[in-house]
Amino acid sequence: MAGIEDAAEVLEKKLALEISSMKLEEAVALARAFSHYLNLMGIAETHHRVRRTRNTVHLSKSCDDVFGKMIQNGTSPDELYDAVCKQEVEIVLTAHPTQINRRTLQYKHVRIAHLLEYNDRPDLGHEDKEMLIEDLMREITCLWQTDELRRRKPTPADEARGGLNIVEQSLWKAVPHYLRRVSAALKKHTGKPLPLICTPVKFGSWMGGDRDGNPNVTAKVTRDVCFLARWMAADLYIREIESLRFELSMNRCNDKLAKMAYEILAKEKESEEHRQENGSQQPIHRVSKHLNNQGLVLPTQLPAGADMPACTELNDGESQPSIVEFPLTDHSSTFQSGECDNAVSVTLLEASSFQGSYEFENGNLDVDNRTGMVPASLSSSGTRSIPVSTNSAAGGLASPQRKSAESNVGKSTFDKILYPSITQLTNIGPYRVVLGHVREKLIRTRRRMEGILEGAPCSFDYDPSQYYETQAQLLEPLILCYESMQSCGSDILAEGRLADLIRRVATFGMILMKLDLRQESGKHSETLDAITNYLDMGTYSEWDEEKKLKFLVVELKGKRPLVPPTIEVSSDVREVLDTFRVAAELGSESLGAYVISMASKASDILAVELLQKDARLAVSGEMGTPCPHKILRVVPLFETVKDLRGAGSVIRKLLSSDWYRDHIIANHNGHQEVMVGYSDSGKDAGRFAAAWELYKAQEDVVAACKEFQIKVTLFHGRGGSIGRGGGPTYLAIQSQPPGSVMGTLRSTEQGEMVQAKFGLAQTAVRQLEIYTTAVLIATLHPPDSPRCADWRKVMEEISEISSKHYRSIVYENEQFLQYFHEATPEAELGNLNIGSRPTRRKQSSAIGHLRAIPWIFAWTQTRFVLPAWLGIGAGLEAAYAKGYKEELQAMYREWPFFQSTIDLIEMVLAKADIPIAKHYDEVLVSPCRQKLGEELRENFCKTENYVLLVSGHEKLSENNKSLKRLIESRLPFLNPINMIQVEILNRLRQDVSNPKLRDALLITINGIAAGMRNTG
């Protein structure tokens, strides 16, 4: 083995020597080729996993598998059914800057993934295969010729659009499929399907709401992002309604639906007659792309089918007939008695859904299902677009042709042909009438969002009955259709596209993902300072905790506003006040939680409650009525080790307040949410100590809430990498303290992990099932606590020693900071343009002010991954020295938390590469600091030895063969990129203003991130 390692070292040195003599252009081409290859390898691996999953009869961790095992192990069917139906899991997508790939490249990767999926079809002929290979070559050629670097930092609105695109790209398809699987498994094992509007998993977002340390996220951005999400929700529902209207052509319905159809037809006829009497014309609505002050563009999405390969389209050499779907301009109705109830027939041409196009002012053409432009075959020589309009009751797009026809008598015949009168239309079913009305309201809703985003005032004075504002409003007519079909014997139809749409509405609502707001606790103290100083009450932040609490509770009990409308404050304070005003206007229909980062005292939570209450009073006064939606729940985020240790005490202090306890019961159904942060705690004390402090904090918070008979939901702020709390979802949930997952869970998914887990519909379905089954097991069969007090004692000792060792190097060693800057590309990461948020909290080079993401990112690039393992070897060594060997091995076998912690550390050690990390030191680090690097590498080897002693494995990844294969397959392409990066860093630091070198470095960063499969 030693001989093989020596030979490998010789070859690597020879490779490094050749790279050092390369021209820059050659090195860049090589790095790009390997980078793309690693991305393609990742796509192929994901496809292979999906294919194996599809072909597995009894899939591990699936709903069918877990439900069946739980029934076999004694769980009653009723208990299982109730637990699933009451489950509340929310996956929160964040804009944390760890997604290295441009969105353009992500889309191309999705297209390649679809090609691989298409290639698996058994009915492909030889020509089909050849066409597929050609399509694949086109996609890869396009990848190669596309600039992989972002040339500007994304705005918060850009990040929000990226999150919404994940919904459109995969979650929109995945959610109904996932819910069908849950329902089928429940019916199989309990005899009852999942209730139609029951959704065990929902989605939230921080994109456009997380303003902690990000001055680019303003109140206006938050407001615009919410309206953007509402626009897209309406747009997606319109597309589904279009297809559903065509599908549901039946005439038989129950009395309720017939009554609704009658009322809709009567209103339409009355509206049409009123227009004819007044000679009114439909207003021309011109859609254009306007930029507002924030640079937010009117929303667009991928052209229809852009994420599907060209070879899946019908290519038989014949032109397909174009379809024109005419608008409903008038109605007549004939009612016939059917076998079930009254049957309704109204007018509608039987036309399939169409593809349309907007021509925007900037010349881009966006093709989709949402427009008033439809292709019509007008001659044998070709096709062109005919713009048509919906009726004015729908606020439809006015047709230029129609305007011309109405103003020119000579063209009236054409107008009559294009817009048939009621007597010319026959045989429309009641479902099409009702769904047509739903579509019209959705179009009005979408248009209102467009107007607001284009700068129209968001007035409180409008008719809400003309729009959909809440989930319940949209569900009502859909459920009515569903119940009608059920009562008329059309169950199989009801359980198809209509049931899928109802489940989408129940999951996504009218906002797709409710937006959380997040701000640092100090900003709220500054705001209250400004208010109390203005009111001559003193400086709030200088008061002790008891005085703060007394003041806050008195004001919260009062009915008058605290903030005078005439108050003059700084721009930072004004921004905080504006954010609370936006929260009051949007309310709980659009927003989720208000998260307070760096929370450490009970007053931090009550301060937000007061500012929120005050803003709601001000908005309510302007409206003349109470705010229409519920107040936001306030969630403290405990991040540092010190704050985690005090989390339980803070919650006890809060709940001991009569006002707060009554508030939680009245407004939040007796539910307290608490967030724990994995990133800053890990950077503060090291991964092992942070994991133990997080475990104890969760235990204490759960106990505190139990004392006051308040339910608790824990919100886990996990990152993608192990150093920031990442890891396999199932393992993470199963290792939580007992009682901390009682049917409810919130968890963040960040950066590159969003695309990895939810970028494809098939992988998204799998991840959603894993969330559901893991939470179910943790609820009904919680993991074991530490078997005896001695285990806790051992954990305390390891944690204390590992934390001291970690901090002695990272924070106390004078050489370490400069070593970190020299040995990693940390300083150059700011040029990567991967997020809207600054990489540092303050203008300082200290480790303490560096955010956790670039801290992990930099060490991942060098393959040393230091933050995830530093200190652990020292802690385990001390435990072994005290004779805890048997205890440690028993803890690994019997305690899920300890086992998962050790397994994740072993996974990190397996992905690290000491020779590569040594190469960075030898070339980039000053000779006077290279000794520190040697000591750290010795520390790594010590950690590896003790982790293997605890786990009982002979080699790293012995229990994870797939990870071992993944690493081995990547090394021939990953190692050269690291060596190229070292050479480019060396040249760049001698020529810092060279843009070509900077671009070359960023390309290597992309490649290494692709090979490691995570960044920060």
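Quick caveat: nothing in here was measured; it's all calculated off a predicted structure.

Trainee: So what exactly am I meant to see when it comes to the overall build of the protein here?
Mentor: What the protein contains, in helices and strands, is 36 helices and 15 strands. Per-residue burial over the protein gives 58% buried out of 1016 residues. Considering only intrachain contacts with a sequence separation of at least 6, the fraction spanning at least 24 residues in the protein is 82%. As displayed, the protein has an accessible area near 42,400 Å², and 52% of this comes from carbon and sulfur atoms.

Trainee: Quick question: what am I supposed to make of the confidence of the model for the protein here?
Mentor: Any residue range with low pLDDT should be treated as having predicted coordinates unsuitable for detailed reading. When pLDDT is averaged along the protein, the result is 82, and 81% of the positions lie at 70 or above. For residues 281-411, every residue scores under 50 in pLDDT, and the model assigns this stretch 301 contacts once sequence neighbours within four places are set aside.

Trainee: Mind showing me how you'd approach the environment of Thr943 here?
Mentor: Along the chain, the position of Thr943 falls in helix H34 (residues 930-951). The exposure class assigned to Thr943 is buried, which follows from its relative accessible area of 0%. Along the chain, Thr943 and Leu870 lie 73 residues apart, while their C-alpha atoms are 8.0 Å from each other. Polar contacts involving the side chain of Thr943 include one to the main-chain amide nitrogen of Gly873, which spans 3.3 Å.

Trainee: What am I meant to see in helix H7 (residues 156-190) here?
Mentor: Think of an α-helix as 3.6 residues a turn; residues three or four steps apart then line up on the same face. The principal kink in H7, of about 50°, is found at Ser170. Of all 35 residues that make up H7, 28 are buried, and the element is covered over most of its length. At the C-terminal side of H7, Gly191 shows a positive phi close to 85°.

Trainee: What exactly am I supposed to notice about the environment of Leu644 here?
Mentor: Within the element layout of this structure, Leu644 appears in helix H19 (residues 641-645). On the basis of relative accessibility, which here comes to 1%, the residue Leu644 falls in the buried class. Between the alpha carbons of Leu644 and Ala690 there is a distance of 9.2 Å; along the sequence they are 46 residues apart. Excluding residues within four positions of it along the chain, Leu644 makes contact with Phe638, Glu639, Val676, Ser681, Glu693, Leu694 and Ala697.

Trainee: So what exactly am I meant to see when it comes to the environment of Arg223 here?
Mentor: Turning to its location among the elements, Arg223 is positioned in helix H8 (residues 219-247). In this structure, the C-alpha to C-alpha distance between Arg223 and Ala583, residues 360 residues apart in sequence, is 8.6 Å.

Trainee: How do you make sense of the packing of aromatic side chains when you look at a structure like this?
Mentor: Two descriptors summarise a pair of aromatic rings, namely the distance from one centre to the other and the angle between the planes of the rings. Going through the model one piece at a time under the given rule, you end up with 33 aromatic pairs. Measuring from ring centre to ring centre gives 6.4 Å for Phe816 and Tyr819, while their planes differ by 45°; the resulting arrangement is tilted. Note that Phe816 and Tyr819 are positioned in helix H28 (residues 816-823) at a spacing of 3 residues, about one turn of the helix. A network of ring pairs unites the aromatic residues Phe816, Tyr819, Phe820, Trp855, Trp859, Phe864, Trp869 and Phe940 as a single cluster. A cation sits over an aromatic face here: Arg32 above Trp144, 4.2 Å from the ring centre. The ring of Tyr540 carries the charged tip of Lys548 above its face, separated from the ring centre by 5.1 Å.

Trainee: For this particular structure, what's the right way to read helix H27 (residues 789-810)?
Mentor: Compared with the 32 Å implied by 1.5 Å per residue over 22 residues, the 31 Å span of H27 between its first and last C-alpha is a close match. If you check which residues of H27 are buried, you get Trp791, Val794, Met795, Glu797, Ile798, Ser799, Ser802, Ser803, Tyr806, Ile809 and Val810.

Trainee: Is there a simple way to explain the side chain of Glu450 in this structure?
Mentor: Note that Glu450 resides in helix H12 (residues 430-453). Of the side chains with opposite charge, Arg446 lies nearest to the buried Glu450, which makes no salt bridge, at 4.1 Å.

Trainee: What exactly am I supposed to notice about the side chain of Arg32 here?
Mentor: Within the element layout of this structure, Arg32 appears in helix H2 (residues 24-54). Within polar-contact distance, the side chain of Arg32 engages the backbone oxygen of Trp144 at 2.5 Å. Apart from residues no more than four positions distant in its own chain, Arg32 is found in contact with Leu143, Trp144, Thr146, Glu148 and Ile1003.

Trainee: Help me understand the packing of H7 against H8, please; the structure alone is not making it clear to me.
Mentor: Two packed helices can be described by the angle between their axes and the distance between those axes. Between H7 and H8, the least distance of the axes is 10 Å, while the angle of their chain directions is 20°. By the criterion of interaxial angle, the relationship of H7 to H8 is roughly parallel. When the axes of H7 and H8 are compared, the crossing they make is right-handed. Two secondary-structure elements touch here, H7 through Pro156, Ala157, Ala160, Arg161, Leu164, Asn165, Val167, Glu168 and Trp172 and H8 through Val221, Val225, Leu228, Ala229, Met232, Leu236, Tyr237, Arg239 and Glu240. Partitioning the contact of H7 with H8 into residue classes produces 13 nonpolar, 1 polar and 4 charged.

Calculation rules
- Residues numbered from 1 in each chain as written.
- Predicted model: local features only at pLDDT ≥ 70, side-chain atom pairs only at ≥ 80, totals over all residues.
- Heavy atoms only, no water.
- Helix = DSSP H or I, 4+ residues; strand = E, 2+ residues; numbered from the N terminus.
- Buried < 20%, exposed > 50% of the residue type's maximum accessible area, 1.4 Å probe, protein only.
- Contact = heavy atoms within 4.5 Å.
- Areas by Shrake-Rupley, 256 points an atom, 1.4 Å probe, with all protein chains shown as cover.
- pLDDT = per-residue confidence, 0-100.
- Polar contact = N/O pair within 3.5 Å; in protein donor to acceptor, adjacent residues only side chain to side chain.
- Bend = angle between axes of the 7 residues up to and from the residue.
- Phe/Tyr/Trp six-rings, centres within 6.5 Å; stacked < 30°, edge-to-face > 60°.
- Lys NZ or Arg CZ within 6 Å of the ring centre and 35° of its normal.
- Expected span 1.5 Å × (residues − 1).
- Lys, Arg positive; Asp, Glu negative; His and termini not counted.
- Salt bridge = Lys/Arg side-chain N within 4 Å of Asp/Glu carboxyl O.
- Axes fitted to C-alpha atoms, helices over the stretch in contact; angles between N-to-C directions.
- Parallel < 35°, antiparallel > 145°, perpendicular 65-115°, else oblique.
- Left-handed = near helix turned anticlockwise from the far one by under 90°.
- Nonpolar A, V, L, I, M, F, W, Y, C, P; charged D, E, K, R; others polar.

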